[in-house]
Structures are given as structure tokens and as C-alpha cells.
Amino acid sequence: MRKNKPLLSLLTVVGLSMSLLAGCGSASDAKSTASESRTAASSSTPASFNFYFTGSQNVKDLWDSLEPMFEKEHPDIDVKMVYIPSGTGAEPTYDRIVAAKKAGKGSGDIDLYEDGIVSVSQGIKDGVWAQLDAKDIPNLSKVSASTMKDVSNYAVPYRSSAVVLAYNSSKVSSPPKTLDELLTWIKANPGQFAYNDPSTGGSGSSFVQTIVYKDLPEEDIHNADPAVMDKWSTGFNTLKELGPYVYGKGIYPKKNQGTLDLLMNGEVSIIPAWSDMVLQQLNEGLLPDTIKMQQITPGFNGGPTYLMVNQASDKKEAVNTFLNFVLSPEAQEVIVNKMNGFPGIELSNMPQEVQSKFDGVAEGFRTFNIGDLGTEINKRWQSDVAAQ
């Protein structure tokens, strides 16, 4: 972000000099000159907008890398980033957007917001997101049309991750390849599988949702109709049956890292985990190199992280320019390298060396969009499974 504006200082000096010279002329000339000077100074001020985002330190590191890249290309736009550390709760930010809308107070000084599919769906319902168009954001055409259809063009999926099986290859030589094989393995190896409380992390949520929707029609994973809840009983019965066979006979760690810690310490042998978290921690030596990953069939639900434009923002032109940059292959390559995840744009738009990184990994990747039903699943899991 910019801290010094030397151009403004120069213009101020020029304006002052012109005003002094105008003292030899008429008063109206002096007023005119001063007015022109103020107009020139105002027009040179970069457009700015406020970008609120949350996540772990790697998310902050990502935006700390992308922001100066963008501002170097677009010195006329100043991105003011507001980071909300993971675990401190992003809900107040969304609530502030909604409160400002209801009070007729514009954007609440939040122009761009990053979050998951639940906030996308809720914001569509509350009417707080702007619908996006490739005419304003040309690189939007590089994003999968089906992904954009899933969110009715109200959000930009700028990066994506998959939930996979992470396993200790020194203990598991032949990991399960299908969901049915995994369920059989869990019961055959009591205490060696763990998943986190689904309300505290996406990997546990993915496991629970994948089980709940296991025997339902494929189209239901893109259906937010509450009527689908009537089909959940079989899936929840399966989760209840697994309770005595998971870690600690029914202990569900908090957050994605909770299960990764169990795997790292050798307390369990298989967990569902975000692929990007596993790759990052392997690269940093936090996980032993015996930890491997494998996708199953049908695949666990993963999905994008989204950027949403506040409908009430009066900075949309600057925000759209930023979004177009984020979806460029150059910025996407930074995202892939720093986040160890999938790009937000289709792989065919990326350099060949980037495409090669995903050989055999992208298969089976599934995106769920069930809107508010994800929250309802977590509530029912607490009462039907965790409370047992």
C-alpha cells in the first residue's frame, strides 16, 4: 500500500506558486487558478478500495505478494487490505455489510470480501453482492462456466482446494480408493481414522457432507432446496455407526489442523485433509515424508474460495480491475505456488509446467454448492453424531 504521495506534494507546490503569481492579476483569476490547482491534485489521487479477507498466515502472505504486483501495474489504484486472522471469526465483517445495507449507509467501507460458499449463498439471499460480468472483468471468461453458474456470477472463484485422504504410508501400504472401501477400512482398523468437527474446519465438513450425500442423486450436491434434508437420514445413520470406530471412540478434533496433528504424531493412520495444507506442511518439514495423499471415488467435496464485490460499493471499477488481475495467468501462478492449491481459472489457461503439477490430482475433484444446508448439516451432526 502506498504511504508517500510525492506527486501530491509537487502539485501543492505548483498550486502555491501559481497562486502567488496570480496576486498580480485579478482576484477572479486567483480564485480560478486555485480551483484548477485543487482539481489537478484531486484527479491525481489514486482510487482506493477496502479489501477484507480472512484465513491462515499463508493467505495473508499470498495477498502481501499479490498486492504490490497489482499496484506496480496499476499505480492509479490503492488496495487497502484488512486481514482477519483465522479463528477470530469473519462473521462480524459480513454482518457489517448487511447492517450498512439495511441502514442505507452504503458499503460500510467494505468493497471486496473473501470467504467460502456459505457466505456467497447468504449474500445472494441478502442481496449484498454485485453480479459480475466478463465485459467488466475480461479474465472471468477463463473461469469454468459451470463454476460461475453455481454462484450465478455473484462471486469470483480465485483459488480452489480439494479434500483428499492423507495417510501414513509406513502403516498403510494400500489406502482405500473408493468411499465404500474407506468405510470398510475404518471399521476394520478401529481408532486409526479421524475427522474434525465439521463446524470447525472444511476437511471434516467435507467428510460429513460426502457421507450424507453418498447415495443421493448427483444433482443434489448443487441443490440448496431444504426439501433435500428429508433424504439425509441414511447418511447420518452411517456417521453414527462410525462413531465407535473413529479416533478415541468418538473424539472429533477441532479444526483442520487438529486431525493433521494426530496424523503427524502417529496417533491415527488416515484422515481427510485439504490437499494444500498437506503439501505446504510437507514442504516445510512439518509432516514426515511418509505422509501421502490420494483422492477417492466419488471424490470428497472441495471447492473454491471466493471474492465478492459489495453491491453498495462505489469503487466497482477499481475493484473489477483488481479482480481481472487476480484471474490473470501470472497472478494465478503465484496463487498456485504459494497456496499449493488449484488455480481459480481453468488449467488450460495456465503454463504447461503448472498444468503438469496437477497430473492425476485434479481427477475426482467435486464442488458442492448446497447453500445454507451446510449449516443445517453441522447442526444435525452435533445432535445426531457428536452427542451420542
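What you are looking at is a predicted structure, and each value in this text was computed from that prediction instead of being measured.

Calculation rules
- Residue indices follow the written sequence of each chain, beginning from 1 at its first position.
- Totals for whole chains, interfaces and linings use all residues, but because this is a predicted model, local features are given only for residues with pLDDT of at least 70 and pairs of side-chain atoms are given and counted only at 80 or more.
- Here the side-chain values reflect all heavy atoms present in the structure, with hydrogen atoms and water set aside.
- Residues belong to one nonpolar core when they are buried, are Ala, Val, Leu, Ile, Met, Phe, Trp, Tyr or Cys, and are joined through side-chain atoms within 4.5 Å.
- Each residue is assigned to one of three classes by its accessible area relative to the maximum for its type, calculated with a 1.4 Å probe on protein chains only: buried under 20%, partly exposed between the two thresholds, exposed over 50%.
- Helix and strand definitions follow DSSP, with helices as H or I runs of at least four residues and strands as E runs of at least two, each counted in order from the N terminus.
- Every residue pair with non-hydrogen atoms within 4.5 Å of one another is taken to be in contact.
- The pairing criterion is simple: DSSP has to find at least two bridges between the two strands.
- Only the stretch in contact is used when a helix axis is fitted, and all axes are lines through C-alpha atoms; the angle between N-to-C directions ranges over 0 to 180 degrees.
- Between the rings of Phe, Tyr and Trp (Trp by its six-membered ring), a pair exists once the centres lie within 6.5 Å; its type follows the angle of the planes, with under 30 degrees stacked, over 60 edge-to-face, and the other angles tilted.
- Helix span, as expected, comes to 1.5 Å for every residue beyond the first.

Before we go on, may I ask you to explain the nonpolar core in this structure?
Generally speaking, a soluble globular protein has its nonpolar side chains buried in company with each other. Within the largest apolar cluster, 41 residues are counted, with the highest numbers of intra-cluster contacts made by Phe 49, Phe 51, Trp 63, Leu 112, Leu 307 and Phe 322. Elements supplying a minimum of two residues to this core: strand 1 (47-55), helix 3 (57-73), strand 2 (77-85), strand 4 (156-161), strand 8 (301-309), helix 12 (316-326) and helix 13 (329-339). Of the residues forming this core, the biggest block, 6 residues, is contributed by helix 12. In this structure Phe 51 touches Trp 63, Val 79, Lys 80, Met 81, Val 82, Leu 112, Tyr 113, Glu 114, Leu 307 and Phe 322, once residues within four positions along its chain are discounted. Ranked by size, the runner-up nonpolar core spans 35 residues in total, among them Tyr 167, Leu 242, Trp 274 and Trp 381.

Is there a simple way to think about the sheet that holds strand 5 (residues 163-168) in this case?
Strand pairing in a sheet is mediated by backbone hydrogen bonds. Such pairs are either parallel or antiparallel. Read across the open sheet, the 3 strands follow the order 6-5-7; overall the sheet is antiparallel. Looking at strand neighbours, the two that pair on one side only are strand 6 (270-274) and strand 7 (291-294), the edges of this open sheet. Mean inter-strand twist for the sheet, computed between neighbouring axes without regard to direction, equals 40 degrees. Here 4 bridges tie strand 5 to strand 7, and the two strands are oriented antiparallel to one another. Counted as the bridge partner of Ala 166 is Met 293 from strand 7. The strands touched by helix 10 (residues 255-264) within the sheet are strand 5, strand 6 and strand 7, with strand 6 carrying the most contacts at an inclination of about 140 degrees.

Would you explain the packing of aromatic side chains in this entry?
What describes a pair of aromatic rings is the distance from one ring centre to the other and the angle between the planes of the rings. Going through the model one piece at a time under the given rule, you end up with 22 aromatic pairs. Centre to centre, the rings of Tyr 252 and Trp 381 are 4.9 Å apart; their planes meet at 80 degrees, and the pair counts as edge-to-face. Within this pair, whereas Tyr 252 is found in the loop between helix 9 (233-242) and helix 10, its partner Trp 381 is found in helix 15 (residues 373-386), the two being separated by 129 residues in sequence. Like Tyr 252, the residue Trp 381 is buried in the burial classification. Counting every residue linked through ring pairs, the aromatic cluster contains Phe 49, Phe 51, Phe 53, Trp 63, Phe 70, Tyr 83, Tyr 158, Phe 322 and Phe 325.

What's the story with helix 3 in this structure? I'm lost.
Along an α-helix, residues three or four apart share an orientation, since each turn contains 3.6 residues. When the terminal C-alpha atoms of helix 3 are compared, their 25 Å separation across 17 residues agrees well with the 24 Å that a helix rising 1.5 Å per residue should span. Buried within helix 3 are the following residues: Asn 58, Val 59, Leu 62, Trp 63, Leu 66, Glu 67, Phe 70 and Glu 71.

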